[in-house]
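Here is what each chain is made of, one letter per residue.
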Amino acid sequence: MKPITKSSKLANVCYDIRGPVLAAAKKMEEEGHRVIKLNIGNPLPFGFEAPEEIVVDVIRNMRDASGYTDSLGLFAPRKSIMHYCQEKGIQGVTVEDIFLGNGVSELIVMAMQGLLNNGDQVLVPMPDYPLWTAAVSLSGGLPVHYLCDEANEWYPDLKDIRSKVTSNTKAIVVINPNNPTGALYPKEILEGILEIAREHGLIVFADEIYDKVLFDGNKHISLASLADDVLCITMNGLSKNYRACGYRAGWMVVSGDKRHAKDYIEGLNMLASMRLCANVPGQMAIQTALGGYQSINDLIGPNGRLTRQRDLAWKMLTEIPGVTCVKPKGALYLFPKLDPKMYPIKDDEQFMLELLKEEKVLLVQGSGFNWPHPDHFRVVFLPHENDLAEAIGRVARFLDHYRRRMAKA
């Protein structure tokens with residue numbers, strides 16, 4: 001029979017966070033092995049539950065959640081998001097500028113599909129959260145990766161961004177706080193990105209899903225709060241700040257100069273209508289989440305669980321010979337670097353498979369985040385301290401064995 005092949009649109013799409021290494025881990029689990037998974041930022045398996053008041057509110061409203069809503073979403077949660085925008089200093093946002101979605105992931109794909117024609121370019125950070133690169137490619141666009149500089153706190157390299165703008169460039173993506181590096185961008189970097197967008201008439205997509213997961217008293221600046229003359233699309237949701245990934249409750253806010261973007265916004269409305277609406281039980285959680293007690297602050301305080309786990313993971317990783325790591329200021333990840341002289345890795349996916357098989361720890365290689373060199377990997381620091389120490393201890397043992405093998409070779 002003639003083989004049924006996948007669409008050619010998927011040729012340049014990859015999402016290695018759930019890729020071949022995870023498939024190998026699942027097979028090992030089916031064979032009875034216990035694998036410590038540090039590959040995905042999913043809080044619930046590690047004991048981080050959604051706040052009780054959110055759960056109760058969703059249950060209470062479940063009887064009213066069986067019908068479709070307006071394609072943009074229910075009025076009350078969008079109104080609460082509008083107020084949140086005001087708190088963050090984003091000006092001129094109305095309820096009609098807010099789209100609710102089945103998590104930010106759906107909205108990223110929707111935003112790219114509504115914008116891009118074949119060959120259009122979008123500047124995406126390197127390393128990135130790979131869904132952005134995948135969504136650009138799937139929509140017929142060309143992702144062009146700009147450098148985030150590890151030697152400068154992983155901040156975007158403004159000179160590199162500027163050098164990569166062409167007549168085909170439509171937008172710049174900014175992930176802040178950053179996944180996978182944990183970087184938090186200062187005002188001058190954000191203003192520099194906005195200036196480039198202003199000069200070239202670009203849209204700025206701001207992925208701010210971790211805007212409350214901040215350490216050491218750091219504060220987040222919403223990019224859209226710094227300009228009312230640049231079209232900004234801000235993404236956020238409940239998955240990380242409120243440990244409610246499975247609710248799939250995200251939102252997209254259109255702000256700035258919307259006058260020249262009426263046709264694009266019409267396209268976004270069309271796509272929102274085509275999927276009918278975002279899941280309604282998840283919508284029911286948003287108003288309570290934004291207006292209730294912000295329990296994330298307990299987790300990120302000086303002795304909060306997330307702070308302790310970040311500190312432990314960073315300390316243990318940087319004590320391993322040949323491993324360096326910029327200490328994250330936000331999000332749930334570390335992105336350590338392996339000294340290429342001590343760890344001459346040619347294929348970082350194969351390296352992660354070897355680690356998995358030898359030590360039963362699941363990580364994601366740097367190339368899974370579109371990092372061009374085989375010398376980084378991402379660590380999720382969500383497990384309890386004992387489990388985290390066990391996992392990183394196994395990584396240290398694997399790296400020690402690898403160094404010894406290389407020294408003999």
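Look up: the structure comes first, before these words.
The following paragraphs examine the structure supplied in this document. Note that the structure is predicted; figures quoted are calculated from it, not measured.

The number of helices and strands found in the protein is 13 helices and 15 strands. Its C-alpha atoms give the protein a radius of gyration of 21 Å, near enough to 22 Å, the size a compact globule of 409 residues would have. If you line up the protein on its principal axes, its C-alpha atoms span 65 × 60 × 50 Å. Across the protein, every contact between residues at least 6 apart in sequence was considered, and the portion connecting residues at least 24 apart equals 75%. Surface accessibility of the protein: about 17800 Å² in total, with carbon and sulfur atoms responsible for 52%. Across the protein, the mean location of the 46 positive side-chain charges is 4 Å away from that of the 49 negative side-chain charges.

Our focus in this paragraph is helix H13 (residues 385-408). When the terminal C-alpha atoms of H13 are compared, their 35 Å separation across 24 residues agrees well with the 34 Å that a helix rising 1.5 Å per residue should span. Within H13, burial applies to Leu388, Ala391, Ile392, Arg394, Val395, Phe398, Leu399, Tyr402 and Arg403.

On the basis of which strands lie adjacent, the open sheet formed by 8 strands has the order E2-E9-E8-E7-E6-E3-E4-E5 and mixed pairing. In this open sheet, the two edge strands, each paired with only one partner strand, are strand E2 (98-102) and strand E5 (155-156). Set on the sheet, helix H8 (residues 262-274) makes contact with E2, strand E7 (203-207), strand E8 (232-237) and strand E9 (249-255); between it and E2 the angle comes to about 35°.

With that out of the way, let us pick up the environment of Lys79. One can find Lys79 in helix H3 (residues 75-87). Along the sequence, Lys79 and Val95 sit 16 residues apart, while their C-alpha atoms lie 5.8 Å from each other.

Turning our eyes to something else, we now look at the packing of H3 against helix H9 (residues 280-291). At their nearest, the axes of H3 and H9 sit 8 Å apart, and the two run at 35° to each other. In this structure, the crossing between H3 and H9 has a hand that is left-handed. On H9, the residues touching Ala76, Pro77, Ser80, Ile81 and Tyr84 of H3 are Gln283, Ile286, Gln287 and Leu290.

Here Ile175 lies in strand E6 (residues 169-175). Separated by 34 residues in sequence, Ile175 and Ile209 place their C-alpha atoms 8.5 Å apart. Every residue in contact with Ile175, bar those within four places of it in the chain, is listed here: Pro125, Asp128, Tyr129, Trp132, Tyr185 and Asp207.

Between side chains of opposite charge, a pair can form when the charged atoms approach closely. Taken as a whole and assessed by the stated rule, the structure comprises 24 salt bridges. Arg259 is paired through a salt bridge with Asp257; the nearest N and O atoms lie 3.0 Å apart. A relative accessible area of 16% places Asp257 in the buried class. With its nearest N and O atoms 2.9 Å apart, the salt bridge here joins Arg404 to Asp400. Placement of both Arg404 and Asp400 in helix H13 is noted, with a separation of 4 residues, approximately one turn of the helix.

Within the element layout of this structure, Gly291 appears in helix H9. The exposure class assigned to Gly291 is exposed, which follows from its relative accessible area of 65%. For the pair Gly291 and Val395, spaced 104 residues apart in the sequence, the C-alpha separation amounts to 41 Å.

Given two aromatic rings, their pairing is described by the distance between the two centres and the angle made by the two planes. Tallied over the full model, the rule gives 10 aromatic pairs. Ring centres of Phe335 and Phe369 lie 6.0 Å apart, and the angle between their planes is 85°; this geometry places the pair in the edge-to-face category. Residue Phe335 is located in the loop between strand E11 (333-334) and strand E12 (337-338), and its partner Phe369 is located in the loop between strand E14 (364-365) and strand E15 (377-380); the two are separated by 34 residues in the primary sequence. Phe369 shares its class with Phe335; the two are buried. These aromatic residues form a ring-pair network of at least three members: Trp154, Phe335, Phe369 and Trp371.

Taken in spatial order, the 3 strands line up as E11-E15-E14 in an open sheet, and their pairing is antiparallel. Because the sheet does not close on itself, it has two edges, and the strands there are E11 and E14. Of the pairings in the sheet, the one linking E14 to E15 comprises 2 bridges and is antiparallel in character. Counterpart to Gln365 in the pairing with E15 is Phe377.

Here is what the cut-offs are and how they apply
Residues numbered from 1 in each chain as written. Predicted model: local features only at pLDDT ≥ 70, side-chain atom pairs only at ≥ 80, totals over all residues. Heavy atoms only, no water. Helix = DSSP H or I, 4+ residues; strand = E, 2+ residues; numbered from the N terminus. Rg over C-alpha atoms; globule rule 2.2 N^0.38 Å. Contact = heavy atoms within 4.5 Å. Areas by Shrake-Rupley, 256 points an atom, 1.4 Å probe, with all protein chains shown as cover. Lys, Arg positive; Asp, Glu negative; His and termini not counted. Charge placed at Lys NZ, Arg CZ, Asp CG, Glu CD. Expected span 1.5 Å × (residues − 1). Buried < 20%, exposed > 50% of the residue type's maximum accessible area, 1.4 Å probe, protein only. Pairing = 2+ DSSP bridges. Axes fitted to C-alpha atoms, helices over the stretch in contact; angles between N-to-C directions. Left-handed = near helix turned anticlockwise from the far one by under 90°. Salt bridge = Lys/Arg side-chain N within 4 Å of Asp/Glu carboxyl O. Phe/Tyr/Trp six-rings, centres within 6.5 Å; stacked < 30°, edge-to-face > 60°.

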